[in-house]
Amino acid sequence: MEIHSFGVDPITCHAWNQNRTQLALSPNSNEVHIYQQESDKWSCIDVLTQHDLRVTSIDWAPNTNRIVTCSADRNAYVWTQVSGKWKPMLVLLRINRAATCVRWSPKENKFAVGSGARLISICYFEEENDWWLSKHIKKPIRSTVTSIDWHPNNVLLASGSTDFKTRIFSAYIKEVDSKPEATPWGTKMPLGNLMAEFSNGGAGWVHSVSFSSDGNKLAWVGHDSSISVVDANKGMALTTVKTQFLPYLTCAWASLNSIIVAGHDCCPMVFHYDDRGQLTFVDKLDKSQKREVDGFSAMRKFRDMDKRAIVENSTDTLLDTIHQNAISHMTIHTGTKSAVSKFCTSGMDGKMVIWDIKSLENSMLGLRIV
């Protein structure tokens, strides 16, 4: 694994360019910093400062090389590189609450923005007037939209919100999309059509949603420490596992049957969803041990407590994980949702970690991690 530190400020969100040589991240402020990797070091090559309040989400389109950002200031900007500098273009979101999440569609001809205004803005570029417009998806969303993810067909959009619901909408825009084909989620897809709605039966905010690579399964995590998967090919069968761990904040498919989750436990974990519809916890990915602090390891500390009844370094608050605070965001670094070989986590401790999964193979529990 690769461990990178960007100071002590929390990293709210991050995004990679296509070849993973540049990184955009927000250090819990109204700025977006663009970093260039040079050997083992990162150098800040640009700072995007158009937002007035904290940046809440970033997405970097790999093919068109455009960055979209949204913020608590209720605005979103599309950034295009001109003569080596990033130039912003304001998006007409028409919302009266903070924008919370943003994602480019797979074809990169539109993007979606979730918000605290109980709606999702589907944004597209209008050539005639040279600006980014939006159309709204409102009903039946009843609270803040916290997470969104696109179906591979570029039309369906999954969302999670603080009304404890996960929903799948049609985000069909007549001006930019061709007529969509039928999917296991449904056939009629006018803009805003509710294709499906799910609840895991608990009372936890939905923090993150993720479509599988084939688009037939949807996973999400909630604040009640649960992970859920619904399979459209199995008649919308819903499987939920409530774990003993702290709540998860982010999730992503790592293969057709494996899901990586992370959150307040500061450690990525793997779950396996098998062909029978069973969801199983596999393992924690962080196998690191607590580092020695001032020459005292954890074992030595307990030995001294036993022999001499003294406690050395009583102010030591290091966790037994690489991340020392909650993991707030996770992205795929190398590979696709069907076969991830590296993924990246960033957290409230200012660290970014690139995890190298050399192989994901089927075994008794569905995965073997080397």
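You'll find the structure just up there.
Description of the structure in this document. Remember, it's a predicted structure, so these values are computed and weren't measured experimentally.

## Focus: the sheet that holds strand β16 (residues 166–170)
If you walk across this open sheet you meet the four strands as β14-β15-β16-β17, and the pairing is antiparallel. Each edge of the open sheet is held by one strand with a lone partner, namely β14 (145–150) and β17 (194–198). Strand-to-strand twist across the sheet, computed as the mean angle between neighbouring axes with direction ignored, equals 20°. With four bridges joining them, β16 and β17 adopt antiparallel strand pairing.

## Digging into the pairing of strand β28 (residues 351–356)
Where strand β1 (residues 2–5) meets β28, four bridges bridge the pair, whose relative direction is antiparallel. Bridge pairing in β28 places S5 opposite K351. Hairpin geometry of strand β27 (residues 339–347) and β28 is characterised by an intervening segment of three residues between the two adjacent antiparallel strands and by a positive phi of about 80° at G350.

## Structural notes on the state of the cysteines
Summed over all chains, the structure comprises zero disulfides. The structure places no disulfide on C101, whose sulfur is separated from the nearest cysteine sulfur, that of C70, by 6.6 Å.

## Structural notes on the environment of I95
Position of I95 among the secondary structure elements: in the loop between β9 (85–91) and β10 (99–104). Sequence separation between I95 and H136 is 41 residues, and the spatial gap between their C-alpha atoms is 9.4 Å.

## A look at the pattern of salt bridges
Applying the stated criterion across every chain yields a total of eight salt bridges. For R167, the salt bridge goes to D163, with nearest N and O atoms at 2.9 Å. R276 is paired through a salt bridge with D274; the nearest N and O atoms lie 3.4 Å apart.

## A short note on empty space enclosed by the protein
Evaluated as defined, the whole model comprises one cavity of 30 Å³ or more. Residue lining of the largest cavity: A252, W253, A254, I260, M330, T331, I332, V340 and F343, and that is the complete set. Of all the elements in the fold, those that place two or more residues in the lining of the largest cavity are β22 (248–253), β26 (327–336) and β27. Residues of the lining of the largest cavity, tallied by class, amount to eight nonpolar, one polar and no charged.

## Quick notes on the sheet that holds β1
Ordered in space as β1-β28-β27-β26, the four strands form an open sheet in which the pairing is antiparallel. The sheet is open, and its two borders are formed by β1 and β26, each paired with just one other strand. Each adjacent strand pair in this sheet contributes to an overall mean axis angle of 15°, direction not counted.

## Section: unusual backbone geometry
The linkage connecting K139 with the following residue, P140, adopts the cis geometry, with an omega of 0°. Here P140 lies in the loop between β13 (131–137) and β14. The phi dihedral of R20 is positive, around 60°, even though this residue is not glycine. For R20, the position within the fold is in the loop between β2 (13–16) and β3 (22–26).

## Structural notes on the side chain of D286
With respect to the helices and strands, D286 occurs in the loop between β25 (279–284) and α1 (298–308). Given a relative accessible area of 7%, D286 falls into the buried group. At a separation of 2.8 Å, a polar atom in the side chain of D286 contacts the main-chain amide nitrogen of I322. Not counting residues within four places of it along the chain, the set of residues in contact with D286 comprises C266, C267, P268, T321, I322 and W355.

## Here's the deal with the packing of aromatic side chains
Summed over the entire model, instances satisfying the criterion amount to 16 aromatic pairs. Ring geometry for F343 against W355: centres 6.1 Å apart, planes inclined by 10°, an arrangement best described as stacked. On the criterion of sequence distance, the pair formed by F343 in strand β27 and W355 in strand β28 is long-range, its members being twelve residues apart. One exposure class covers both F343 and W355, and it is buried. Through a chain of ring-to-ring contacts, three or more aromatic side chains come together here, namely F6, W16, Y35 and W42.

## Structural notes on a positive patch on the surface
A grouping of R74, R97, R118 and R142 is seen on the molecular surface, where their side chains present a positively charged patch. Locating R118 in the fold gives a position in the loop between β11 (110–115) and β12 (120–126).

## Brief notes about the environment of E38
Mapped onto the elements of the fold, E38 is located in strand β4 (residues 32–38). With relative accessibility at 46%, the residue E38 sits in the partly exposed group. Between the alpha carbons of E38 and Q22 there is a distance of 9.8 Å; along the sequence they are 16 residues apart. Looking at E38, its side chain comes within polar contact range of the side chain of S43, at 3.4 Å.

Parameters at a glance
- Residues numbered from 1 in each chain as written.
- Predicted model: local features only at pLDDT ≥ 70, side-chain atom pairs only at ≥ 80, totals over all residues.
- Heavy atoms only, no water.
- Pairing = 2+ DSSP bridges.
- Helix = DSSP H or I, 4+ residues; strand = E, 2+ residues; numbered from the N terminus.
- Axes fitted to C-alpha atoms, helices over the stretch in contact; angles between N-to-C directions.
- Disulfide = S-S within 2.5 Å.
- Salt bridge = Lys/Arg side-chain N within 4 Å of Asp/Glu carboxyl O.
- 1 Å grid on protein atoms, 1.4 Å probe; cavity = no way out; pocket = protein on both sides within 12 Å on 5 of 7 lines; lining within 4 Å.
- Points joined across faces, edges and corners; volume = space filled by probe spheres on them.
- Nonpolar A, V, L, I, M, F, W, Y, C, P; charged D, E, K, R; others polar.
- Buried < 20%, exposed > 50% of the residue type's maximum accessible area, 1.4 Å probe, protein only.
- Polar contact = N/O pair within 3.5 Å; in protein donor to acceptor, adjacent residues only side chain to side chain.
- Contact = heavy atoms within 4.5 Å.
- Phe/Tyr/Trp six-rings, centres within 6.5 Å; stacked < 30°, edge-to-face > 60°.
- Patch = residues over 30% accessible without salt bridge, like charges linked within 9 Å, V, L, I, M, F, W, Y side chains within 5 Å.
- Areas by Shrake-Rupley, 256 points an atom, 1.4 Å probe, with all protein chains shown as cover.
- Lys, Arg positive; Asp, Glu negative; His and termini not counted.
- Charge placed at Lys NZ, Arg CZ, Asp CG, Glu CD.

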